[in-house]
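So the chains spell out like this:
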Amino acid sequence: MDEVLYTLENVQKRYAGRTVLAIAQLQIRRGEILALVGPSGAGKSTLLRLLNFLEYPDAGTLAFQGLPVVPGAVPLALRRQVTTVFQRPALLSTTVTRNIAYGLRLRGQRDAQTEIAHLLELIGLTELARAPARALSGGEAQRVALARALIIQPTVLLLDEPTANLDPYNVGLIETVVRQRNQEAGTTVVLVTHNVFQARRLAQRVVFLLNGQVVEAADTPTFFTAPRDPRTAAFVRGEMVY
Amino acid sequence: MEVLWQGLVEGLRLLFRGDPYLWQIIGRSAQVSGVALAVSAVLGIPLGALLGLTRFPGRRLVQALVYTGMGLPPVVVGLLVYLLLSRNGILGPLNWSWVPELFTPAAMIWAQVIIATPLVIGFTMAAVAGVDPELSRQLASLGATRFQITWTVLNEARLGVLVSLIAGLGSIISEVGAVMMVGGNIEGYTRVLTTAIMLETRRGNFDFAIALGLVLLLLSFAINLAMTQLQGKGK
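About the criteria used
Residues numbered from 1 in each chain as written. Chains lettered and ligands numbered in written order. Predicted model: local features only at pLDDT ≥ 70, side-chain atom pairs only at ≥ 80, totals over all residues. Heavy atoms only, no water. Buried < 20%, exposed > 50% of the residue type's maximum accessible area, 1.4 Å probe, protein only. Helix = DSSP H or I, 4+ residues; strand = E, 2+ residues; numbered from the N terminus. Pairing = 2+ DSSP bridges. Right-handed = clockwise from strand over helix to strand, strands pointing away. Contact = heavy atoms within 4.5 Å. Buried area = accessible area lost by both parts, 1.4 Å probe. Salt bridge = Lys/Arg side-chain N within 4 Å of Asp/Glu carboxyl O. pLDDT = per-residue confidence, 0-100. Axes fitted to C-alpha atoms, helices over the stretch in contact; angles between N-to-C directions.

### Some details on the pairing of strand β7 (residues 156-160) of chain A
All names here are of chain A.
- Counted residue by residue, β7 has five buried out of five residues, so it is predominantly covered.
- Summarising the sheet, strand β6 (residues 82-85) and β7 pair through four bridges and their orientation is parallel. Across the sheet, the residue bridging to V82 is V156, located in β7.
- The pairing of β7 with strand β8 (residues 188-192) spans five bridges and is parallel. From the neighbouring strand, L159 faces β8, where its bridge partner is L191.
- Following the chain from β7 across helix α6 (residues 168-185) to the adjacent parallel β8, one finds a crossover that is right-handed.

### Brief notes about the interface of chain B and chain A
- On the side of chain A, 23 residues touch chain B, which itself brings 16 residues to the contact.
- Carbon and sulfur atoms make up 49% of the area that chain B and chain A hide from each other, which totals about 1700 Å².
- Per-residue buried area on chain B facing chain A is highest for Q138(B), S141(B) and L142(B); these three make up 38% of the total on that side.
- Run the count over chain B and chain A and you get one salt bridge.

### What to know about the pairing of β8(A)
All names here are of chain A.
- Counted residue by residue, β8 has five buried out of five residues, so it is predominantly covered.
- Judged by which residues are buried, β8 turns out to be covered on both faces: T188, V190 and V192 on one side and V189 and L191 on the other are all buried.
- Direction of pairing for strand β3 (residues 33-37) relative to β8: parallel, over a ladder of four bridges. When the sheet's bridge partners are listed, L34 is paired in β8 with V190.

### What to know about the confidence of the model for chain B
Residues and elements named next belong to chain B.
- Averaged over every residue, the pLDDT of chain B is 92; the share at 70 or more is 99%.
- For chain B, the element scoring lowest by mean pLDDT is helix α1 (residues 2-17), at 83; helix α5 (residues 105-129) scores highest, at 97.
- Note on the complex model: pTM 0.86, ipTM 0.92.

### Some thoughts on the sheet that holds strand β1 (residues 4-15) of chain A
Residue and element names in this part refer to chain A.
- Across the sheet, four strands lie side by side as β2-β1-β4-β5; this open sheet has antiparallel pairing. Of all strands in the sheet, those with a lone pairing partner are β2 (18-29) and β5 (67-68), marking the two edges.
- Where helix α1 (residues 44-51) meets the sheet, its contacts fall on β1, β2 and β4 (59-64), and the angle it forms with β1 comes to roughly 120 degrees.

### A few points about the sheet that holds strand β9 (residues 205-210) of chain A
All names here are of chain A.
- Spatial strand order, β6-β7-β8-β3-β9-β10: six strands in an open sheet with mixed pairing. Edge positions in the sheet fall to β6 and β10 (213-219), since each of these pairs with one other strand and no more. Sheet twist, expressed as the mean angle between neighbouring strand axes with direction ignored, is 20 degrees.
- Here α1 sits on the sheet and contacts β3, β6, β7, β8 and β9; the angle it forms with β7, its principal contact strand, is near 155 degrees.

Below, the structure written as structure tokens:
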């Protein structure tokens, strides 16, 4: 279980001359649920974009399954092992079912009716299978976004503040589905959240990012009860850290 | 008023009796503008998608050029194509097989392609740019290739793309300047609805001109109705 999926060394990302990410060292292991926490602007979402190969580091090395991640050198098959559920889901203007099946169609696979039915049941939207996606509420749309990510059976599931604007019912449902998928399929999950309680509920390991740097990376119990860095302790207590 | 009324009645009679001269002209119009629209779609939709979806240096300049192209006066296009295809022109003397001669339906198609393509590009560009930019990133994250992203976004903007085609067709079916200059209004060969209306009016054949005008008006109305219906649907 300790196989390393991602290795980051001195990874930097700059926007308009400003360094938003500068990670000296970080490893993400296969099968874990890792939470990235930190205040807004800490570089959490930027890191997720790098992990999803949507953007590339400006300096340093990022490796996925031992292969260096550089522009144009990530094979499509490898890129397709990773997907993200974003904070605000952008769905296609078609039915719920076709939205969920999209990833399969991209891969030239036939719609797996049983798998779609199973996912619809999992997210509690069986009755809305044929409904147009634009008629959904925010929470329902996010659940569809989760289902369309899960149908491609990703090796890595990246979650970018997936429940930031949702009510407790939807938060609970999404967390349950994610946890279950991690346990049953061994899917590696990287969760970005600024909600420390969610990190505590879901993650086995927590990384605290501040100004683009890793302040602390620790097992969840250690992170919350015995953090090494005083800034981590302050963040966990809910005090502002800058 | 009486001339108009008589013309209207006679025009409808010609139309529904299937007058061969009249229907030959309608057929030619449909053929020339139909082929021109097809070519414009093949050129314009991918270009519009590219301009709407990608960022590159000079993009704004290209956009300004497209917008200028959307308002090109047909007579200017006629002049341009004339100069291109004329025996003493630019392409004419080269004798390339794919370059048509002046005063042929193919020359008219060239002119209409030049008129309609910027419209197709411009409307497609706007339609594609109107799709949530976040969608492209999320599709990429689901494993879509660039081509698959473009295809999906075009599909999301399908009503706008259809509107671009209708706008293109509307502009060329009713255009007279360019087809007159490069087609020459030769009876049975390059005579289309608009040039025929001009000629028959000059000759005093008002009933004929009115019949042709009716067809053109009906076509225009159908095209605009389709366009407003579609635009309403997209809202």
